[in-house]
Amino acid sequence: MSGAPPHVGLFVTCLVDLFRPSVGFATVRLLERAGCRVSVPAEQTCCGQPAFSQGAREEARALARQVIETFSGFDYVVLPSGSCAATLRRHYPELLADDPAWANRARALSERTHELTSFLTDIIQFTEINTVYDGKVAYHDSCSGLRELGIREQPRRLLGLIDGLRETPLANPEGCCGFGGAFCVKYPGISDRLATDKSRQVVESGADLLLGGDLGCLLNLAGTLRRQGATTEVRHVAEVLADQTEAPPIGRE
Amino acid sequence: MSDKTRMLAAIRRGLGRDALDASVAAGLVTRLERPEPNRLPAASRGDRLTLLRRFAAKLRRVDATLQVLPRLDGVPEAVAAWADDAAAVRVAPHPDLQRLDWSAAGLEASFGPARGMDTLGVSRADAGIAESGTLALCSGPASPTTLNFLPDRHAVVLHADAVVGAYETVWAALRETGSEGCFMPRTVNWVTGPSRTADIEQTLYLGIHGPRQLHVLLVGSGLEGLETG
Amino acid sequence: MQPRSHAFPANVARALADDGLQVALTRTSAGFPKKRLEGVASLPEFELLRDQAEAIREHVLDHLDWYLERFAAQVEKQGGTVHWCADAEAAREAVLGICQQAGARTVTKGKSMIGEEIAINDHLSAHGITPVETDLGEYIIQLRGETPSHIVAPALHVSRAQVTQAFREHHLDRDPERPLDAPRDLLGEARDVLRERFLAADVGITGANMLVAETGTSLIVTNEGNGDLTQTLPRVHVVLASIEKVVPTLEDATTLLRVLARSITGQEQSVYTTFSTGPRRANDLDGPADYHVVLLDNGRSALLGTPAQPILRCIRCGACLGHCPVYQQVGGHAYGWVYSGPMGAALTPGLLGLPEAWHLPQASTLCGRCEDVCPVRIPIPEVLRHWRAQSWEQGRPGGVSRLALRTWAWLATHPRAYRLASSLAARVLRWRADGRGALGSLPGLGGWTATRDLPAPEEGRPFLVQWQERQP
C-alpha cells in the first residue's frame with residue numbers, strides 16, 4: 001500500500017472491554033503490524049446490538065447515532081467481533097433509513113466498517129503473521145459473522161500462515177452455540193443444550209485450543225467447557241494471530 | 001360488502017394503492033398470456049441418447065424399474081413377466097394399448113378407470129422428463145387418473161420419442177392444444193417413482209397409498225444398454 | 001385448535017423434559033441438513049433458481065389483488081367455484097355448505113395447514129360429517145387426538161410403538177392377535193383401512209402448495225399419493241388455500257417446484273406433483289364432478305406493506321424447521337398452534353396477534369440458518385426483529401428484563417457513567433470469582449450459571465480504562 005498509513009478507529013466492543021482487554025491490545029498490535037495507525041475513541045461504549053435485537057428501536061437508534069458520531073473521520077472502523085461489525089454494517093443503515101440527517105452517515109460508516117479478520121485479509125491482504133503455534137485448533141464460526149458478513153475463510157487463511165498450527169474441524173460447524181445474546185438467559189434450557197452439544201464437538205475434535213472471532217460465543221463455550229470439566233483452552237483468534245497469549249485462556253486464572 | 005370485495009380492498013390498502021391502473025395490468029396480462037420461457041437447467045439439455053440415459057438413471061434413483069422394448073407389441077408379455085403372479089390387468093383405454101394381445105400373455109385385460117380391487121394397472125405416459133426421471137400423465141378419455149394411484153402395481157408405457165429434457169416441454173405442448181389459459185386437462189400428474197412415506201419413525205418405506213411398484217416400459221429403437229446403464 | 005402459543009415458555013420446559021420427543025427430534029435433526037445438501041449439490045443452477053423463486057413470490061405479493069382475481073376467473077371459466085373467505089369462520093361455513101349440499105357423510109382429507117388453521121375437522125364432526133385424514137402421519141395423529149408437530153412430518157414425535165397402540169385401539173374389526181409391530185405390518189394395515197375410506201368418501205379436501213393464475217390450477221405435492229386419491233375418487237373436490245399461494249404461470253410454478261422438495265428431503269421432486277384444473281371434463285373417465293377453491297385471508301392481507309410481508313412468500317417446504325436449532329430442541333407442539341419453527345414464529349404473530357403469540361419471535365438466537373436455506377430467501381430474522389420491535393412498543397417483555405435493557409442503554413449513551421459501571425462490574429465479578437477464573441453462580445444471572453460457568457473479567461480494569469491511562 002502506498003501513501004499514508006490507513007487510519008483505523010478501533011471499536012473494541014463492550015464484551016472485550018469488560019471481559020478480555022487483552023483482545024483489545026492484541027487487535028491494536030495486529031492492526032499496527034499491518035501498517036495501520038490505530039486510534040481508540042474514548043467515548044465508545046456499545047454498538048447497541050442488545051437494544052436492536054430485542055426490539056428497543058429508539059434506544060438502538062440513539063446508540064447508532066452516538067457510534068456514528070464517535071467514529072466519524074476514520075478511513076476504517078474495525079471490530080474484533082462479527083456480530084458487532086454486522087450491526088454497524090448491516091443494521092445501522094436500516095435503523096436510520098428514515099432519518100434524513102443520519103441515513104447517509106450511517107451508510108458511509110457501514111461502508112468503512114469491517115470485522116477484524118475480514119479487514120486483515122480482504123482489505124489489507126495482510127500476510128505477515130510470523131508466529132508459531134504447535135497444536136490442534138478448532139475454530140468456531142459465529143452465526144452473525146458467518147451469515148451476515150460471510151466470514152469463514154478469512155480467519156482460517158490467517159491461521160494457515162502460522163507454522164505448526166493444525167485446524168481440526170468441528171462436526172457441525174454451521175450450528176449455533178446457543179449464545180444469541182439475551183436468548184441464553186431467556187431460554188437457558190434450550191441454550192444449554194446447544195452449548196453442551198457444541199462443547200462436546202469441541203472435545204471430540206481433539207483440539208487443544210478453541211478459537212473464534214466473537215467473544216459472546218467464546219464466553220458461552222468456555223463457561224460450558226469449564227462446567228463440564230473439559231481441559232480445552234479457549235481464546236479469541238486475535239490473541240493467537242498477534243502472538244499475545246500470555247494471559248490465561250478464557251475462564252482460567 | 002362481500003368477502004371478495006373486502007379482501008381485495010384489504011390487499012390494496014396494504015399495498016398502498018387502488019386497483020392496478022390499466023397499463024400495469026396490461027403488462028401483467030402479457031406476462032400471463034405469453035409466459036417468458038424459463039432458463040432451463042443443464043440437466044434438461046442433451047441429445048436424444050444423453051436424455052434417454054439420464055432419464056433411465058434418474059428413474060432408477062427414485063426406485064422405479066425400467067425395461068426397454070423395441071415395439072409396443074412386446075408390452076403384454078413384459079407386463080406379465082414383471083407381475084408374474086397376475087391374472088388380470090386394468091388398462092388405460094388408449095388405442096396403443098387396446099390393440100395389443102393381452103390374452104396371449106396370459107392376462108385378462110379390462111379397460112377403463114381403476115376400481116378398488118385392481119392390483120395391476122397399465123397406463124400410457126404423455127412424456128418422460130429426463131431431468132428428474134418423472135413421468136407426465138394427463139387425464140383424458142383414454143387416460144383415467146385413478147389408474148395411476150389405485151392399483152398396487154403400476155406399469156407405464158412410454159414412447160422413447162416422448163422423453164424430453166425439461167418439464168416445460170409439457171406445458172408448451174398443452175398450450176398448443178387450447179387457448180387463453182384453457183388448455184389444461186382436469187389432472188396433470190408428475191409421477192417420480194413409487195409411493196413412499198417416512199412417517200413411521202422417519203424411516204423411508206416404499207408403497208403406502210399410491211402404487212408400491214412402478215415399472216416403466218420404454219418403447220423405441222436404439223435403446224440397448226439403457227436398462228442397466 | 002385453541003392456540004397455546006401464549007404458554008410457549010411452559011411448552012418449552014415440557015418439551016425439553018419429554019424423553020420420547022427428544023429421542024424423535026435427535027433422530028431427525030441430522031437428516032434434513034444432510035439431505036438438503038445432497039439435493040442442492042445435484043442442481044448446479046440452484047442458487048440462480050432461488051433468486052428467481054424469490055422474485056416470483058415478491059412479484060405476486062406486490063400484485064396479489066390482480067392475480068387472485070385472475071386465478072378466480074380462470075377457475076370459473078373451467079367450471080369450478082371460488083369461495084372468497086375473509087376469516088376462518090367464513091371458510092368453515094363455506095366448506096360445511098359444500099359438504100352438506102353434496103349430502104356428504106364422510107370426507108377424506110389430504111394434508112392441509114389451512115384445514116388446521118380453521119379447525120375444519122371439528123366443525124364437520126360437530127355437524128355429523130366424518131373427516132378422515134389420509135396422509136399417514138396426519139392419520140396417526142388424528143387417531144391419537146393430537147395436532148401436527150411439523151408441516152412436512154406431522155407425526156415426527158410419535159414412536160413406532162405408539163403407532164401400533166393407536167392402530168390396535170382404533171382398528172377394531174381386525175384380529176386382535178395379528179402381528180402389528182413391524183413397520184411393514186403397520187403400513188399394510190394403514191393402506192387397507194384408508195383405501196376403504198378413499199373409496200367411500202363423498203367429498204375430498206386438499207390443500208394447495210400453489211395456485212396458478214394463468215390456468216386456474218391448484219397443485220399439491222405429496223409422496224404418498226393420498227392427496228390424489230382424495231381429490232380424484234369423490235364426487236366433489238375442495239381445495240383449501242390461503243390467498244398468498246398464487247403464482248402467475250405454469251413456468252413460475254415449475255421454477256418453484258425445482259427448489260421446493262430439494263430443500264427439505266433432497267428429492268428432485270416429490271413422488272406425486274399434481275396439477276388440478278376444474279372438475280372432470282365431459283369425456284373424462286374419472287375425477288370429481290365439482291371443483292371448489294376456498295380462498296382464505298384470515299389476517300394475511302394485513303401483513304402486506306409491512307416488514308412482515310416477506311413471510312407471505314413461504315411455500316411450506318419445511319426447510320427452516322429442519323435447520324433451526326430451537327425447533328430441533330423443542331419440536332412443533334411447543335409453538336402452540338398450526339405453524340411452528342422459524343416460519344411459524346414469523347407468521348403466527350400476524351395471524352393470531354402479538355398478545356397471543358409474542359413469545360414465538362423471542363425464542364430465537366437469530367442465527368439466520370433459516371434464511372440461509374429458505375428456497376425463496378425469506379429474511380426470517382428480520383421479520384422476527386420486526387415483531388420484537390412491535391412487542392417492545394406494546395410493553396413486552398416487561399419487568400426486570402425491560403428495566404435491565406433500558407438501564408444498559410442509558411449507561412451506553414452516557415460514556416462516563418458507563419466507564420464507572422464497567423470498572424465496578426469488572427472488580428465485583430473478579431472478586432466473586434476469587435482467583436478461580438470463573439464464577440459458578442451469580443444472583444440475577446441464574447439463567448446463565450445454572451448450566452455453565454461465567455468466565456471472570458481478565459482484569460479489574462476494562463480495556464478503555466487501561467487505554468486511557470496509557471495515553472500521554
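Residues numbered from 1 in each chain as written. Chains lettered and ligands numbered in written order. Predicted model: local features only at pLDDT ≥ 70, side-chain atom pairs only at ≥ 80, totals over all residues.

### Description of the overall build of chain B
Heads up, the rule is: Starting at the N terminus, helices and strands are each numbered in turn, a helix being any DSSP run of H or I of at least four residues and a strand any DSSP run of E of at least two. Burial is judged by counting other C-beta atoms within 10 Å of a residue's own C-beta: 20 or more means buried, 12 or fewer means exposed, and anything between counts as partly exposed, with every C-beta placed from the backbone. Two residues qualify as being in contact provided that their C-beta atoms, derived from the backbone, are within 7 Å of each other.
Across its full length, chain B carries six helices and 12 strands. Its C-alpha atoms put chain B at 70 × 40 × 40 Å along the principal axes. Burial status across chain B gives 47% buried among its 229 residues. Long-range contacts, defined here as pairs at least 24 residues apart, represent 75% of the contacts in chain B between residues at least 6 apart.

### Here's the deal with the overall build of chain A
Here is the rule we go by: Every radius of gyration here is taken over C-alpha atoms, with the globule rule written as 2.2 Å times N^0.38, N being the number of residues.
Within chain A, the secondary structure is distributed over 13 helices and eight strands. For 253 residues, the compact-globule estimate of 2.2 N^0.38 gives 18 Å, and the C-alpha radius of gyration of chain A, at 18 Å, lies within 12% of that figure. With respect to the three principal axes, the spread of C-alpha positions in chain A is 50 × 45 × 30 Å.

### Focus on the interface of chain C and chain A
Counted only if it meets this: Three classes are used: nonpolar for Ala, Val, Leu, Ile, Met, Phe, Trp, Tyr, Cys and Pro, charged for Asp, Glu, Lys and Arg, and polar for all others, with Gly counted as polar.
Contacts between the two partners involve 54 residues from chain C, matched on the other side by 59 residues from chain A. Partitioned by chemical class, the residues of the side of chain C that touches chain A number 30 nonpolar, 14 polar and 10 charged.

### Here we look at the sheet that holds strand β8 (residues 163-164) of chain B
Put simply, the rule reads: Pairing between two strands is assigned when DSSP locates at least 2 bridges connecting them. Here an axis means a line fitted to C-alpha atoms, over the contact stretch when the element is a helix, while the angle between two N-to-C directions is reported on a 0 to 180 degree scale.
If you trace the eight strands from one edge of the open sheet to the other, you get β8(B)-β5(B)-β6(B)-β9(B)-β9(C)-β6(C)-β5(C)-β8(C), paired in mixed fashion. If you trace the sheet from one side to the other, it starts and ends with β8 of chain B together with β8 (246-247) of chain C, each paired once. The pairing of strand β5 (residues 210-212) of chain C with β8(C) spans two bridges and is parallel. Bridge pairing in β8(C) links Val212(C) to Val247(C). On top of the sheet, helix α13 (residues 250-264) of chain C reaches β5, β6 (217-222), β8 and β9 (272-276) of chain C; it is set at about 160 degrees to β5(C), its chief contact.

### Focus: the pairing of strand β1 (residues 81-85) of chain C
Residue and element names in this part refer to chain C. Across the five residues of β1, four count as buried, placing the element largely inside the fold. Bridge analysis of β1 against strand β10 (residues 290-296) gives five bridges, and the strand direction is parallel. From the neighbouring strand, Cys85 faces β10, where its bridge partner is Leu296.

### What to know about the domain arrangement of chain B
Rules: As used throughout, domain bounds are those supplied by an automatic or database domain assignment.
For chain B, the domain assignment lists domain 1 (1-36) and domain 2 (43-219). A straight line from the C-alpha centre of domain 1 of chain B to that of domain 2 of chain B covers 40 Å.

### Topic: the environment of Arg406(C)
Summarising the element assignment, Arg406(C) is placed in helix α21 (residues 399-412). Along the sequence, Arg406(C) and Gln328(C) sit 78 residues apart, while their C-alpha atoms lie 32 Å from each other.

### Brief notes about the interface of chain C and chain B
Taken residue by residue, the interface counts 80 residues in chain C and 63 residues in chain B. For the side of chain C that touches chain B, the per-class residue count stands at 33 nonpolar, 28 polar and 19 charged. Here strand β9 (residues 187-191) of chain B pairs with β9(C) via five bridges, running antiparallel. Residue Trp190(B) lies in a different strand from β9(C), and its bridge partner there is Thr273(C).

### Observations regarding the sheet that holds β10(C)
Residues and elements named next belong to chain C. Strands sit in the order β1-β10-β7-β4-β2-β3 across an open sheet of six strands; the sheet is parallel. Either end of the sheet is taken by a strand with one partner, and the two such strands are β1 and β3 (130-133). The sheet shows a mean angle of 20 degrees between the axes of neighbouring strands, direction not considered. Of the strands in this sheet, β1, β2 (106-109), β4 (203-206), β7 (236-242) and β10 touch helix α6 (residues 88-101), which is tilted by about 170 degrees from β10.

### Quick look at the nonpolar core
Under the convention used in this document: Under the definition applied here, buried Ala, Val, Leu, Ile, Met, Phe, Trp, Tyr and Cys residues are grouped into a nonpolar core through C-beta atoms within 7 Å.
Leu221(A), Ala136(B), Leu158(B), Leu256(C), Val294(C), Leu295(C) and Ile311(C) are the most contacted members of the largest nonpolar core, which totals 293 residues. The biggest single contributor to this core is α13(C), with eight residues. Leave out the neighbours within four places in its chain, and Leu221(A) touches His140(A), Cys177(A), Ala195(A), Lys198(A), Ser199(A), Val202(A), Leu210(A) and Val234(A).

### Observations concerning helix α11 (residues 183-200) of chain C
Applicable threshold: Any helix carries an expected span of 1.5 Å times its number of residues minus one.
The end-to-end C-alpha distance of α11(C), which contains 18 residues, comes to 26 Å, matching closely the 26 Å that a straight helix rising 1.5 Å per residue would cover. Taken together, the buried positions of α11(C) are occupied by Leu186(C), Leu187(C), Ala190(C), Arg191(C), Leu194(C), Arg197(C) and Phe198(C).

### Points about the packing of helix α5 (residues 82-95) of chain A against helix α6 (residues 103-112) of chain A
Residue and element names in this part refer to chain A. What counts here: We call two directions roughly parallel when the angle between them is under 35 degrees, roughly antiparallel when it is over 145, roughly perpendicular when it lies between 65 and 115, and oblique otherwise. Crossing handedness is read from the near helix: turned anticlockwise from the far helix by less than a right angle, it gives a left-handed crossing, and turned clockwise, a right-handed one.
Relative orientation of the contacting elements α5 and α6 amounts to 165 degrees, with a least axis distance of 8 Å. What the angle tells us is that α5 and α6 run roughly antiparallel. Along this stretch, α5 crosses α6, giving a crossing that reads as left-handed. Here Leu88, Arg89, Tyr92 and Pro93 of α5 lie close against α6, whose contacting residues are Ala106, Arg107, Leu109 and Ser110.

### Considering helix α11 (residues 188-204) of chain A
The terminal C-alpha atoms of α11(A), which comprises 17 residues, lie 24 Å apart, in line with the 24 Å expected from a rise of 1.5 Å per residue. Every buried residue of α11(A) is accounted for by Pro188(A), Ile190(A), Ser191(A), Asp192(A), Arg193(A), Leu194(A), Ala195(A), Asp197(A), Lys198(A), Ser199(A) and Val202(A).

### Describing unusual backbone geometry
Of note, the bond from Arg396(C) into Pro397(C) is cis; its omega dihedral lies within 30 degrees of zero at -5 degrees. With respect to the element layout, Pro397(C) can be found in the loop between α20 (380-393) and α21. Even without being a glycine, Gln125(A) presents a positive backbone phi close to 50 degrees. When you line up the elements, Gln125(A) lands in the loop between α7 (116-123) and β5 (132-140). Look at Gln125(A) and you get exposed, because 9 C-beta atoms sit within 10 Å. The phi torsion at Gln202(B) lies on the positive side, around 55 degrees, for a residue other than glycine. Residue position: Gln202(B) is located in the loop between β10 (196-200) and β11 (203-206).

### Describing the packing of helix α4 (residues 46-62) of chain C against α13(C)
Residue and element names in this part refer to chain C. Where α4 meets α13, the closest approach of the two axes is 9 Å, and the angle between their N-to-C directions is 130 degrees. The orientation of α4 relative to α13 falls into the category oblique. For the pair α4 and α13, the crossing hand works out as left-handed. Contacts between α4 and α13 involve Phe46, Leu49, Arg50, Gln52, Ala53 and Ile56 from the first element and Asp252, Thr255, Leu256, Arg258 and Val259 from the second. For the contact of α4 with α13, the residue count by class is six nonpolar, two polar and three charged.

### What about the domain arrangement of chain A?
All names here are of chain A. Partitioning chain A into domains gives domain 1 (7-123) and domain 2 (132-241). Placing a centre on the C-alpha atoms of domain 1 and another on those of domain 2 gives a separation of 22 Å. Counting residues at the interface gives 28 residues for domain 1, matched by 22 residues for domain 2. Looking at the side of domain 1 that touches domain 2, the elements with two or more residues in it are α1 (14-19), α2 (21-33), α3 (49-53), α5 and α7. The class makeup of the residues in the side of domain 1 that touches domain 2 is 12 nonpolar, 11 polar and five charged.

### Here's the deal with the arrangement of the chains
Sorting the two pairs of chains in contact by contact count puts chains B and C at the top. Taking C-alpha atoms as the reference, chain A and chain B come no closer than 18 Å and do not contact one another.

### Remarks on the environment of Gln471(C)
Note that Gln471(C) resides in the segment after α24 (463-470). In the structure, Gln471(C) is positioned 405 residues away from Trp66(C) in sequence and 66 Å away in space, judged by C-alpha atoms.

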